[in-house]
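Structure at a glance
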Amino acid sequence: MGTENSNRPSYPFRPPAAGFSAQPNPSPFVSSEPQAFRPARPTASPFQVPPFSSGSISGPEVHGFRPASSISSEQVRPPPSTYGPPSSGSRALFEGQTGVPPPFRPPVPGPPVSFPQPQPSSLPAGLPQNYAPGHYNPNMPVPAQQPQSSSSGPVAQPSFQPPGRQAFVTSSGISQPAIPEYANVPSSSFPQAPYLEPPTSLPQIRSYGPPTSSPYHLAQQVAYPSPPIPTSMGTVYPRSQVPQVGMAPPISTSQGLAEDFSSLNISSVPGSFDGGIDALSLPRPLDGDSESNSLYETYPSNCSSRFLRLTTSGIPNSQSLFSRWHLPLGVVVCPLAESPAGDEVPVVNFATTGIIRCRRCRTYINPYVMFTDSGRKWRCNICSFLNDVPGEYFAHIDGNGRRVDLDQRPELTKGSVDFIAPAEYMVRPPMPPTYFFLIDVSLSAVQSGMLEVMAQTIKSCLDSLPGYPRTQIGFITFDSTIHFYNLKSSLMQPQMMVISDLEDIFVPLPDDLLVNLSESRNVVEAFLDTLPAMFQDNINVESAFGPALKAVFMLMSQLGGKLLIFQNTLPSLGAGRLRLRGDDIKLYGTDKEHTMRIAEDPFYKQMAADLNKYQIAVNVYAFSDKYTDIASLGTLAKYTGGQVYYYPNFHSSIHKDRLRHELSRDLTRDTAWESVMRIRCGKGVRFTSYHGNFMMRSTDLISLPAVDCDKAYGAQLSLEDTLLTTTTVYFQVALLYTSSSGERRIRVHTSAAPVVSDLGHMYRLSDVGAVVSLFTRLAIEKSLSYKLEDARSSVQLRIVKALREYKNLYAVQHRLSGRMIFPDSLKFLPLYALAIVKSVPLRGGYADAQLDERSAAGFTMMALPVKKLLKLLYPTLVRVDDVLVKLGDFENVARLPLTAKSLDPRGLYILDNGFQFAIWFGSSLSPDITRSLLGDDFSAAISKVNLTQKENPISRKLMNILNKFRESDPSYFQLCRLVQQGEKPGEGYFFLSNLVEDNYGGPGANGYPDWMLLIHRQVQTA
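Attention in this report is confined to the structure presented alongside it. No experiment lies behind these values; they were computed from the predicted model shown.

A closer look at the overall build of the protein
Helix and strand content of the protein: 20 helices and 37 strands. Out of the 1022 residues belonging to the protein, those deemed buried represent 58%. Partitioning the intrachain contacts of the protein with sequence separation of at least 6 by distance along the chain shows that 76% fall at a separation of at least 24. For the protein, the exposed area adds up to about 42,000 Å²; of that, 53% sits on carbon and sulfur atoms.

Put into structure tokens, the structure is as follows:
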């Protein structure tokens, strides 16, 4: 690479002097500060200018360095008498000095090198089409001044690392304390260097070098004034005079961006050819989901990431670049995500004007359109078509091209907006919110107590059902026969009619079985009060579910609505009856393995298609201690935009709180009815596949009978053209729906992303949450057509291909043997991939999860928004015994890595995955804490105790902590599972199975370090 100088002798290391040598850095992660290398001549940067820069870049540029070669420890050079800049023919050795700085000689700046800007078009890459130098989009509001983020410049790092603690320095310059092996080491016990604000006017230069701290002469250095840097001894120096340890020559902004990666050492284990990894230094998402905000300044009018997240905000400009991106390229959309107070989606009513849309591509007007011809025309940002502005919508534009009424037009300033749809968007009058309950009343439903809890919950929610006074409600119960209920408002008590002919279903009194709630309120309450007692002596164990479903379809097909199914028994009579196929161990590993995870009878998929056609969404509540074929029943929810709630071994004394919470939320949350959704995108790209719980009405129209804030959908992109000529790609999500108040509305989310020509830019602009969300959906779908092993392998293979491609970007510049590199934006991706292959739908084989449990988890994960999915994959683990005993603040309790090494037998731990709590009692936990939490059940088996609040401070504080977890995400109710250390099998099933970093999760399951070594070996294989 031209970095060697044959005329200059190579000198060996000298032993570090006791007074000046620094402690060796135990962390295998390479610092974002430049490291040791040998300087080379200035050469032209092989990397293109990033999409956010315009014009050429000038400055001293040094490329092509390589790490220091190893030198025998027997060759020792006498230490120099003084420390100073190197003289001719020699090199100064500064090895990790932390004391008084050496005398410093001002560097001589090298000759400036100019780099011409690639010009694929007349505009700088990554900016909107209507951008021109000195001119901005007149319809974009000037963004508010944002606080300086940590990614805008390097942060001063403490040079001292206490024993047992390591620093993981990311490319963004933020030092995160490494995870202790045990939770009883407080994270705040070590001093941290103060934060120093970097100069905002200077280019931020970052580089990663090899981990060895070999000193070299600084050939060139940019002579920019910079803020002072504190050293480990407390002395503060100007940045230009700080003692540099293995400092690299400065590089230009373009190269600094190109080398924006993190690195992991794969060191040799004595006596083995395999590598070794320090588990403490591995990256972990202990701060939860972190969303990228890198495009805010360029595209301030983008919709919030709550609604739309791209897997990468850098769209490839060519098919060849797209073929090198081995991760999913697409979006995750949550159109009705809950907005925080004060940031609600504005509602726009155009009244007689009509909704302003492009006449060619039907894009809705948005902040990225451009008004021309003195405000008489506007250009579509999706297809560039020039549209006329209706007279009623006309407004003059000022000297800057801004509409004078811009502050009164949220559709021109906000990325998300609700349009009130006129009559032409309706094929029928807006439907009323309709709730129909199909209830299993067989023996198991009565004995488990489900019937009583369900009836009480529905009654308590009647006042909160949306849509009053238009809300409709109805009930059907079934065992071996079907029971209809006349709820006519003139009756004092409901009338029950029984149909025993399951082959020829008919509906008696169709006008009185689905009634207006406000008119028949007394009759409905009377029915719910008497329902549990009505069937308390029922001993029928049969289930005519299929015929009952047909009867409900006949009743609801006129209006549509939401059907809630409460199922306890495997369907055994009439259409849709299912056999007890169960989990056949002989099928695992064969080509027929996937057939156990799909619907056995085509009746269910056909019924789902009919229900969707008539705007009926299905939610399935499954309760059973036996096999109930969730794979078949869940098909009804999958294709109608619904979801599956699974309660194995349901008993009212244990599970009633969870059922009450989740049923209440299902009934009272804001819901969009009779909906369709379409995602539009700009020229040259198109959506090719969609993933989630819905049914496609056409190639790009998603049919959703009901949508709510807890549903998300994925879609994958591809390039239509060989080469994109635009600099920006726009995306617009449009959801046409009926609100509970009876308005027909269109929710529109608009976002923009730059087109890039460099694979490194795609990685830097990637969103690990969106990538993981699409990965999960693709893997679960693959498990429905292939073996579980094939689904797991597909995730691993794509991760390896992506990291190998990323490594090849730097293979020429850096010596990467023994190092695993990955983009800083995706540093958590390998861990999340490990969590995916260990998740319930994909883990292990026959003995690792029940078939119903796999199917239910798969249906649930296909619909989860990004944040909820990431929490399920990597749960929260905290230690709370110290907080309960002392007057500590729970908000400051640090999350722990999901490994058994984080557990102390003297501690009490809470594991929260968003769906249940597992509370782990250490074997040496103080008896006082156990007695305070369990009360009289102190001596009983902990796993059989139902945790309730006791009248003591420790119990009240623990319940407050659990309630805080629940309030942070009310989508589901986390039921408490108490686990005693060493208890079998409860500890393994409820707790250890969630420790994704350990070797748990089926035969051949890897722990986190082993998984990283496996990935590294496969990446190294060409």
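Considerations on the sheet that holds strand E14 (residues 370–372)
The strand order across the open sheet formed by three strands is E14-E15-E16, and the pairing between neighbours is antiparallel. Bordering the open sheet on either side are E14 and strand E16 (386–388), each of which pairs with just one other strand. The mean inter-strand angle of the sheet, taken between neighbouring strand axes irrespective of direction, is 35°. With three bridges connecting them, E14 and strand E15 (residues 377–379) associate as antiparallel partners. Directly across from Thr-372, in E15, lies its bridge partner Lys-377.

Topic: the packing of helix H4 (residues 450–461) against helix H5 (residues 521–534)
Where H4 contacts H5, the axes come no closer than 8 Å and their chain directions differ by 165°. As the angle between them shows, H4 and H5 are arranged roughly antiparallel. Remark: the crossing between H4 and H5 carries left-handed chirality. For the pair H4 and H5, contact is made by Leu-451, Glu-452, Met-454, Ala-455, Ile-458 and Lys-459 and by Glu-525, Leu-528, Asp-529, Leu-531 and Pro-532, respectively. Partitioning the contact of H4 with H5 into residue classes produces seven nonpolar, no polar and four charged.

Some points on the environment of Tyr-485
Its location among the elements puts Tyr-485 in strand E20 (residues 482–486). Taking C-alpha positions, Tyr-485 is 6.0 Å from Leu-513, a pair spaced 28 residues apart along the chain. Apart from the residues within four sequence positions on either side, Tyr-485 is in contact with Phe-475, Ile-476, Thr-477, Gln-495, Met-496, Met-497, Asp-512, Leu-513, Phe-527, Met-534 and Phe-535. Side chain to side chain, Tyr-485 and Thr-477 meet in a polar contact 2.7 Å long.

Some words on the packing of aromatic side chains
Scanning the model with the defined rule gives 33 aromatic pairs in all. Between the aromatic rings of Tyr-364 and Phe-419, the centroid separation amounts to 6.0 Å while the plane-to-plane angle is 20°, which identifies the pairing as stacked. Remark: Phe-419 occurs in strand E17 (residues 416–420) and Tyr-364 occurs in the loop between strand E13 (347–348) and E14; sequence separation between them is 55 residues. Residue Phe-419 is classed as buried on the basis of its relative accessible area, which comes to 0%. With a centroid separation of 4.7 Å and 45° between ring planes, the pair formed by Phe-475 and Phe-527 is classed as tilted. Within this pair, whereas Phe-475 is found in strand E19 (residues 472–478), its partner Phe-527 is found in helix H5, the two being separated by 52 residues in sequence. Side by side, Phe-475 and Phe-527 carry an identical accessibility label, which is buried. What links up through ring pairs into an aromatic cluster is the set Phe-437, Phe-475, Tyr-485, Phe-527, Phe-566, Tyr-621, Phe-623, Tyr-645, Tyr-647, Phe-650, Phe-915 and Tyr-972. Lying over the aromatic face of Tyr-647, Arg-658 brings its terminal NZ or CZ to 4.3 Å of the ring centre. Directly above the aromatic system of Phe-828 lies the positively charged group of Lys-827, at a separation of 4.9 Å from the ring centroid.

Looking at the sheet that holds strand E34 (residues 876–879)
Read across the open sheet, the four strands follow the order E34-E35-E36-E37; overall the sheet is mixed. Either end of the sheet is taken by a strand with one partner, and the two such strands are E34 and strand E37 (975–980). Strand-to-strand twist of the sheet, defined as the mean angle between neighbouring strand axes without regard to direction, takes the value 20°. Taken together, the five bridges between strand E35 (residues 908–912) and strand E36 (residues 916–921) define a ladder with antiparallel strand orientation. Pairing of Ile-910 across the sheet is with Ile-919, part of E36.

Regarding the nonpolar core
By size, the foremost hydrophobic cluster in this structure holds 153 residues, and its most contacted members are Phe-437, Met-454, Phe-475, Phe-566 and Phe-991. Apart from residues lying up to four places away in sequence, Phe-475 is in contact with Phe-436, Phe-437, Ile-439, Ile-458, Tyr-485, Leu-487, Leu-513, Val-524, Phe-527 and Leu-528. Among the nonpolar cores identified, the runner-up in size contains 45 residues, and Ile-476, Ile-505, Phe-553 and Tyr-604 belong to it.

Quick notes on the pattern of salt bridges
Under the criterion given, the structure shown has 40 salt bridges. Its salt-bridge partner being Arg-792, residue Glu-789 comes within 2.8 Å of it at the nearest N-O pair. Here Arg-792 and Glu-789 lie together in helix H12 (residues 788–808), a separation of three residues that amounts to about one turn. Among the salt bridges present, the one from Arg-879 reaches Asp-904, with a minimum N-O distance of 3.5 Å. One end of the pair, Arg-879, is in strand E34; the other, Asp-904, is in the loop between helix H16 (881–885) and E35, with 25 residues separating them in the sequence. Each member of the pair, Arg-879 as well as Asp-904, carries the same accessibility label: buried. Each of Glu-338, Lys-562, Arg-665, Asp-666, Arg-669, Asp-708, Asp-710, Lys-711, Lys-868 and Asp-969 takes part in a single network of salt bridges with overlapping partners.

Quick look at helix H11 (residues 768–783)
Along its 16 residues, H11 runs 22 Å from first to last C-alpha, staying within 8% of the 22 Å computed at 1.5 Å per residue. Burial of H11 is extensive: 14 of the 16 residues sit out of reach of the surface. Two or three places before Gly-769, at the opening of H11, Asp-767 has a side-chain oxygen 2.9 Å from that residue's backbone nitrogen.

Some words on the packing of H12 against helix H20 (residues 1008–1020)
Angle between the axes and distance between the axes are the two parameters that describe a pair of packed helices. Contact geometry for H12 and H20: axes closest at 9 Å, N-to-C directions at 60°. In terms of orientation, H12 and H20 fall into the oblique class. Considering the relative orientation of H12 and H20, their crossing is right-handed. Note on element contacts: H20 touches H12 through Trp-1011, Leu-1014, Ile-1015, Gln-1018, Val-1019 and Gln-1020, opposite Gln-796, Ile-799, Val-800, Leu-803, Arg-804 and Lys-807. Partitioned by chemical class, the residues of the contact of H12 with H20 number seven nonpolar, three polar and two charged.

Points about the state of the cysteines
Taken as a whole and judged by the stated rule, the model has zero disulfides. A disulfide-free cysteine, Cys-709 has its sulfur positioned 7.2 Å from the sulfur of Cys-334, the nearest such atom. Since its relative accessible area comes to 9%, Cys-709 is described here as buried.

Brief notes about a nonpolar patch on the surface
Where nonpolar side chains cluster on the molecular surface, the patch consists of Met-496, Val-498 and Met-534 and spans about 250 Å² of accessible area. Its place among the elements puts Met-534 in helix H5. A relative accessible area of 34% means that Met-534 is categorised as partly exposed.

Cut-off values and rules
Per-chain numbering applies: the sequence of each chain, read as written, is numbered from 1 onward. Given that the model is predicted, a residue must reach a pLDDT of at least 70 before its local features are reported, and side-chain atom pairs must reach 80 or more before they are shown or counted; all residues, however, enter totals for whole chains, interfaces and linings. In computing side-chain values, all of the structure's heavy atoms are included and hydrogens and water are not. Under the DSSP-based scheme used, a helix requires at least four consecutive residues in state H or I and a strand at least two consecutive residues in state E, with every element numbered from the N terminus. The buried label goes to any residue with under 20% of its type's maximum accessible area, the exposed label to any with over 50%, and the partly exposed label to all in between, with areas taken from a 1.4 Å probe on protein chains only. Contacts are residue-level and defined by heavy atoms, with any inter-residue pair within 4.5 Å sufficient. Accessibility throughout is a Shrake-Rupley quantity obtained with a 1.4 Å probe, and a residue counts as covered only by protein chains that appear here. Criterion used throughout: strands pair if DSSP finds at least two bridges between them. In this description, a line fitted to the C-alpha atoms serves as the axis of each element, helices being fitted only across the stretch in contact, and the angle between N-to-C directions of two axes falls anywhere from 0 to 180 degrees. Comment on the angle field: the value is read as roughly parallel under 35 degrees, roughly antiparallel over 145, roughly perpendicular from 65 to 115, and oblique elsewhere. In this scheme the handedness of a crossing depends on how the near helix is turned from the far one: anticlockwise by less than a right angle means left-handed, clockwise means right-handed. Ten residue types, Ala, Val, Leu, Ile, Met, Phe, Trp, Tyr, Cys and Pro, are classed as nonpolar, four, Asp, Glu, Lys and Arg, as charged, and the remainder, Gly among them, as polar. Distance and chemistry together define a polar contact, namely a pair of N or O atoms within 3.5 Å, with one atom able to donate a hydrogen and the other to accept it when in protein, and with adjacent residues in sequence counting only for side-chain atoms on both sides. Pairing of aromatic rings covers Phe, Tyr and Trp, the last through its six-membered ring, and needs centres within 6.5 Å; plane angles under 30 degrees mean stacked, over 60 mean edge-to-face, and all others mean tilted. Two thresholds decide whether a charge sits over a ring: the Lys NZ or Arg CZ must be within 6 Å of the ring centre and within 35 degrees of the ring normal. Throughout this description, the term nonpolar core refers to a set of buried Ala, Val, Leu, Ile, Met, Phe, Trp, Tyr and Cys residues connected via side-chain atoms within 4.5 Å. Salt bridge, as used here: a side-chain nitrogen of Lys or Arg that lies within 4 Å of a carboxyl oxygen of Asp or Glu. Expected span of a helix, by definition, is 1.5 Å for each gap between consecutive residues, and there is one gap fewer than residues. The term disulfide is used for any two cysteine sulfur atoms that are within 2.5 Å. Patches in this entry comprise residues that are over 30% relatively accessible and not in a salt bridge; like charges within 9 Å are linked, as are nonpolar side chains (Val, Leu, Ile, Met, Phe, Trp, Tyr) within 5 Å.

So far we have only geometry, and geometry alone does not tell us how the molecule works.
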